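What the coordinates show
Now for the letters of each chain:
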Amino acid sequence: MRAVQKSMNAAVQIGQPIVRREDRRFLTGHGRYADNTAPSDALAVLFVRSPHAHARIVGIDREVASNAPGVVALYTAEDAAADQLGHLPAISEIKDAEGNRHREPPHPPMPVGKVRHVGDIVAMILAETLDQARDAAELLVVEYEELPAVVTVAQALAPGAPLLHDTAPGNLMCRWGKGDAAATNAAIAAAAHVSTLAIRSPRQIAHYMETRAAWSSYDMGHDVVTLTFSSQGVQIPHRLMCERVLRVPKDKLRLVTEDVGGGFGPKYPIYAEAVLIAWATRKLSRGLRWTCERAELAVADTHARDLVASAELALDAEGRFLGLRVKAEANFGAYVSMFAPTIPTTGLAKVISGLYRIPAIRIDFDCAFTNTVPVDAIRGAGKPEALFLLERLVDLAAHETGRTPAELRRLNLLKPQEMPYKTAAGYTYDAADCGRLFETALKAADETGVADRRAASEARGLRRGFGLSCHVHGTGGIADEHVVVHVEADRLVAKVGTQSQGQGHETVFAQILSAALGVPIDRIEVRQGDTRSISHGGGTGGSSSTIISGTTLKRAADVVIQHGRDLAAERLETAPQDITFRDGSFEVVGTDRRIGLFELAAWKPFDGDAVFADKIDSFPTGVMVCEVEVDPETGETRIDRFTAAVDCGVVVNPRLLAGQMHGGMVQGTGNALMEEAIYDEHTGQLLTGTLMDYALPRADDVPSFRVETISTPSPNNFMGLKGVGELPTNGAPAAVANAVLDALRPLGVRHLDMPITAYKVWRALSHTDRQR
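Each residue is numbered by its place in its chain's sequence as written, counting from 1. Confidence filtering applies because this is a predicted model: local features only for residues at pLDDT of at least 70, side-chain atom pairs given and counted only at 80 or more, and all residues used for totals across whole chains, interfaces and linings. Processing note: side-chain calculations cover all non-hydrogen atoms of the structure and skip hydrogens and water entirely.

**Side note on the side chain of S457**
Starting at the N terminus, helices and strands are each numbered in turn, a helix being any DSSP run of H or I of at least four residues and a strand any DSSP run of E of at least two. With respect to the helices, strands and loops of the structure, S457 is situated in helix 15 (residues 450-459). Polar contacts involving the side chain of S457 include one to the side chain of E629, which spans 2.6 Å. Contacts are residue-level and defined by heavy atoms, with any inter-residue pair within 4.5 Å sufficient. What S457 contacts, discounting residues up to four positions off in sequence, is L462, R464 and E629. N or O atoms within 3.5 Å of each other form a polar contact, as long as, within protein, one can give a hydrogen and the other can take it, and as long as residues adjacent in sequence are counted only when both atoms are side-chain atoms.

Following this line, the structure appears as structure tokens:
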């Protein structure tokens, strides 16, 4: 793909692979990240965190620490409670069979009387320097009465288990289900074959390049606190802080987010640190600053993916799927995070039918509290583990019924004429051509050459595996969008309510406006992340920013043209109906009289606005093909080839789509082969709290990727867009795992849970060798 660079000085069209505008700023050190922009005279903030997973706070002696050099203030839960700071709420919900909302115990910014996970905040120290705050933390005396901890769902739900919250008996957060149980049970009972699989999906931590950071200032004249922080959107935290936690008028708190170095989900929720900094800023009438340290991140930011599940897939004699039954246990950690209720539950339900026709589906979840860091969304938000379960099960069913994985998938793939397709779990796929997508992927991956490549690998003492993954994503998010496009004498300024964390919004959104208005892209400015100037917005999550902001920008551009036509008629002294708009100018029909958009704005600036008016839902689809080589002597896996075919509807910028695919495939590879947050199940201590213990994929862990696209436009929005950001992360883990297990199957290995490390492979092969 050849990048289009010269078009920055000219209007561009939808579908052109122009380079990212923001990269020059980032690569030359001009990015505006929260830590980089903090004023040097702000007080340093340090949060003292619990070293215990579960303990009563017997007492805190702060006298010596409070009087340490440089310390300006030291706050504990007692101070926060005295000021009546509220609970950090969830904004999604699930209900049990009786219609009862999930249990949501209080989650104050600093827990009162008891800590419930390693990392719970017990004190906040504010000092002239960070070193002084650290010295003071050493002098703070916190007396704990350590309590037994529960780390897994099985431990938490066991009779007599230690109780985290008095308001959550038995540590049960919710017992949730979806789908027709009777129909699913009947399908399984009538099946010619039933394949079964039990998995444990490992807990993950999002180690973004930029850790969370925040700094504040105080305007005494207007009694306004401004908090600049790293987030995935300012409007939702603003509303929750003002209405539910700090309980201050909205005009007394301004939230700002500029550049963000990766988000992936965990920068979306409202966090205690941001709340406490805003609160303390007003108390002291002074600016503060805090940057999360890397090891602190592991116990401060939400985790994801901690799921135990089993499934049964029913087939008839011809191999057609009849039903799917899933039973799962979701670990929610110590508290209910902002989006957490729907992440493992409806996240799984949205995609568990895959690209297949499955007439009956039943899902049952036990959701529990444990003495671990709260769990919420990470890229994929409940879907990678769901599709890992499904796609591993399809592979097993193929082998157990004497078919190849490709044959069984072809037999059960949905057809274009079945769209829109309502799954048995209750979600409606908008548009897809699964068969064409499948064949595109296999052809691009050179399926016909696998046998030769397998023989070549075996000649070198290696086992080659070929793995498939058919996957889907259901876009989500919050579409509280009101876009305003200002036309000024020298530029367009667009204000949007989504928030880029590296996706390239400045490029894609400007590209949409450039195409709509015929304006050079370098004369378009995209603004985001300021509650003072952008009152509406849902932030960015759920792979929906281009659907939300993109369609609304196009509607706002149409309003710009309408308003401009009236002004141009006045300027050119003619009737509005005689004015047409073409190539960035208003023209009087049948004449050579014209006035450019910016020339008109120099005479009289104007604007156009629009609210989101489409459906947020779309279901982008994909097929991945992975080939690996496994060394049976060491268990080491090397990915040799990785191909993806995706259908993301109308593609605004193919270059950025490829970037999203590459990043998601790498992230999914980490899920499959190396990433795992491990707790000691007796003490609740996190054993993988640093990057010395928590492995992340690196450049030499992946090959060059091949990405192919087809397009079936979504009927759910007028531009035909679908999301892409999470789609590759959903599909990559299953593709890699199926490839590894294909290599190991002839050696007697049926299944391995993620991460499929070299040690796991070596141990499994050693076990099969002993059995022989």
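So, next bit.
**Structural notes on helix 19 (residues 654-673)**
Look at helix 19: 28 Å from first C-alpha to last across 20 residues, which is about the 28 Å you get at 1.5 Å a residue. Each residue's exposure class comes from its accessible area (1.4 Å probe, protein chains only) as a fraction of the maximum for that residue type: buried when under 20%, exposed when over 50%, partly exposed otherwise. Within helix 19, 14 of the 20 residues are buried, which leaves it mostly tucked inside the rest of the structure. Between the side-chain oxygen at the start of helix 19 and the backbone nitrogen of R655 there is a gap of 2.9 Å, and the oxygen is on N653. Given a helix with a known number of residues, its expected span is that number minus one, times 1.5 Å.

**A short note on helix 8 (residues 235-245)**
Note that an α-helix has 3.6 residues per turn; residues three or four places apart therefore point the same way. When you tally the buried positions in helix 8, you get eight out of eleven residues, the bulk of the element. Every buried residue of helix 8 is listed here: Q235, I236, P237, H238, L240, M241, C242 and V245. Here the buried face of helix 8 lies against strand 10 (224-229), strand 11 (253-256) and helix 9 (272-284). Phi for R247, located one or two positions after helix 8, is positive at around 55°.

**Some words on the packing of helix 16 (residues 505-517) against helix 17 (residues 545-572)**
In a packed pair of helices, the relevant descriptors are the angle between the two axes and the axis-to-axis distance. Between N-to-C directions, angles span 0 to 180 degrees; the directions come from axes that are lines fitted to C-alpha atoms, helices contributing only their stretch in contact. Two elements in contact, helix 16 and helix 17, have axes separated by 9 Å at closest approach and are oriented at 30°. The angle between the axes of helix 16 and helix 17 places the two elements in the roughly parallel class. As helix 16 packs across helix 17, the resulting crossing turns out to be right-handed. In contact with H505, V508, F509, I512, L513, A516 and L517 of helix 16, helix 17 contributes S545, T546, S549, G550, L553, K554, A557, V560 and I561. Each angle receives one of four descriptions, namely roughly parallel if under 35 degrees, roughly antiparallel if over 145, roughly perpendicular if within 65 to 115, and oblique otherwise. Crossings are assigned a handedness: left-handed for a near helix turned anticlockwise from the far helix by less than a right angle, right-handed for a clockwise turn.

**Quick notes on unusual backbone geometry**
Only a minority of non-glycine residues have a phi that is not negative, and only a minority of peptide bonds are not trans. With omega at -10°, the peptide bond leading from M419 into P420 counts as cis. With respect to the helices and strands, P420 occurs in the loop between helix 13 (405-412) and strand 16 (421-422). Between M754 and the following residue, P755, the backbone shows a cis peptide bond with an omega angle of -10°. If you trace the backbone, P755 turns up in the loop between helix 20 (727-744) and helix 21 (758-771). A positive phi angle, close to 60°, is found at Q84, a residue other than glycine. By the element assignment, Q84 lies in the loop between helix 4 (77-82) and strand 4 (114-115). Take Q84: its relative accessible area is 60%, and that puts it in the exposed class. Positive phi, close to 50°, is recorded for A381, a residue that is not glycine.

**So, the environment of R698**
Topologically, R698 is positioned in the loop between helix 19 and strand 28 (705-710). Remark: the alpha-carbon pair of R698 and Q667, spanning 31 residues in sequence, is separated by 9.9 Å. Among the polar contacts made by the side chain of R698, one reaches the main-chain carbonyl oxygen of L696 at a distance of 2.9 Å.

**Structural notes on the pairing of strand 13 (residues 307-315)**
For two strands to be treated as a pair, DSSP must find at least two bridges joining them. Where strand 8 (residues 193-201) meets strand 13, nine bridges bridge the pair, whose relative direction is antiparallel. By the bridge assignment for strand 13, H193 is matched with L315. Here strand 13 folds back onto strand 14 (residues 321-331) in antiparallel fashion, the turn holding five residues, of which G319 has a positive phi close to 95°.

**What about the pattern of salt bridges?**
When a carboxyl oxygen of Asp or Glu is within 4 Å of a side-chain nitrogen of Lys or Arg, the pair counts as a salt bridge. Considering all chains together, one arrives at 58 salt bridges under this definition. Between R464 and D640 there is a salt bridge, with its nearest N and O atoms 3.0 Å apart. On the criterion of sequence distance, the pair formed by R464 in strand 18 (residues 463-472) and D640 in strand 27 (residues 637-647) is long-range, its members being 176 residues apart. Between R638 and E629 there is a salt bridge, and its shortest N-O distance comes to 2.8 Å. Taking relative accessible area as the criterion, R638 reaches 40% and is therefore assigned partly exposed. With a relative accessible area of 3%, E629 lands in the buried category. Here the salt bridges share partners, and the residues they tie into one network are D446, R453, R460, R464, E627, E629, R638, D640 and R641.

**Focus: the packing of aromatic side chains**
For any pair of aromatic rings, the description rests on two quantities: the centre-to-centre distance and the angle between the ring planes. Paired rings are identified among Phe, Tyr and Trp, the last through its six-membered ring, by centres lying within 6.5 Å, and are further divided according to the angle between planes into stacked (under 30 degrees), edge-to-face (over 60) and tilted (the rest). One pass over the structure, following the stated rule, counts eleven aromatic pairs. Arranged with centres 6.0 Å apart and planes meeting at 35°, the rings of F26 and Y33 form a pair that is tilted. Look at F26 and you get partly exposed, because its relative accessible area is 25%. Judged by its relative accessible area of 21%, Y33 is partly exposed. Charge-over-ring contacts are defined here by two conditions on Lys NZ or Arg CZ: a distance within 6 Å of the ring centre and an angle within 35 degrees of the ring normal. A cation sits over an aromatic face here: R212 above Y271, 3.6 Å from the ring centre. Between the NZ or CZ atom of K267 and the centre of the ring of Y208, over which it lies, the distance is 4.4 Å.

**A short note on the packing of helix 19 against helix 20**
For the pair helix 19 and helix 20, the least separation of the axes is 7 Å and the interaxial angle reads 50°. Classified by the angle between their axes, helix 19 and helix 20 sit oblique to one another. Note on packing geometry: the crossing formed by helix 19 with helix 20 is right-handed. Residue-level inspection shows Q660, M661, G664, M665, Q667, G668, T669, N671, A672 and L673 of helix 19 in contact with helix 20, the latter providing P728, T729, A732, P733, V736 and V740. For the contact of helix 19 with helix 20, the per-class residue count stands at nine nonpolar, seven polar and no charged. By the convention adopted, Pro, Cys, Tyr, Trp, Phe, Met, Ile, Leu, Val and Ala count as nonpolar, Lys, Arg, Asp and Glu as charged, and the other residues, Gly among them, as polar.

**Re the sheet that holds strand 25 (residues 606-611)**
Taken in spatial order, the four strands line up as 21-20-19-25 in an open sheet, and their pairing is mixed. If you trace the sheet from one side to the other, it starts and ends with strand 21 (524-527) and strand 25, each paired once. Between one strand axis and the next, the sheet turns by 15° as a mean value, whatever way the strands run. Looking at chain direction, strand 20 (residues 492-495) and strand 21 are connected through four bridges and run parallel. Bridged to L492 within strand 21 is I524. Here helix 17 sits on the sheet and contacts strand 19 (482-487), strand 20 and strand 25; the angle it forms with strand 25, its principal contact strand, is near 145°.

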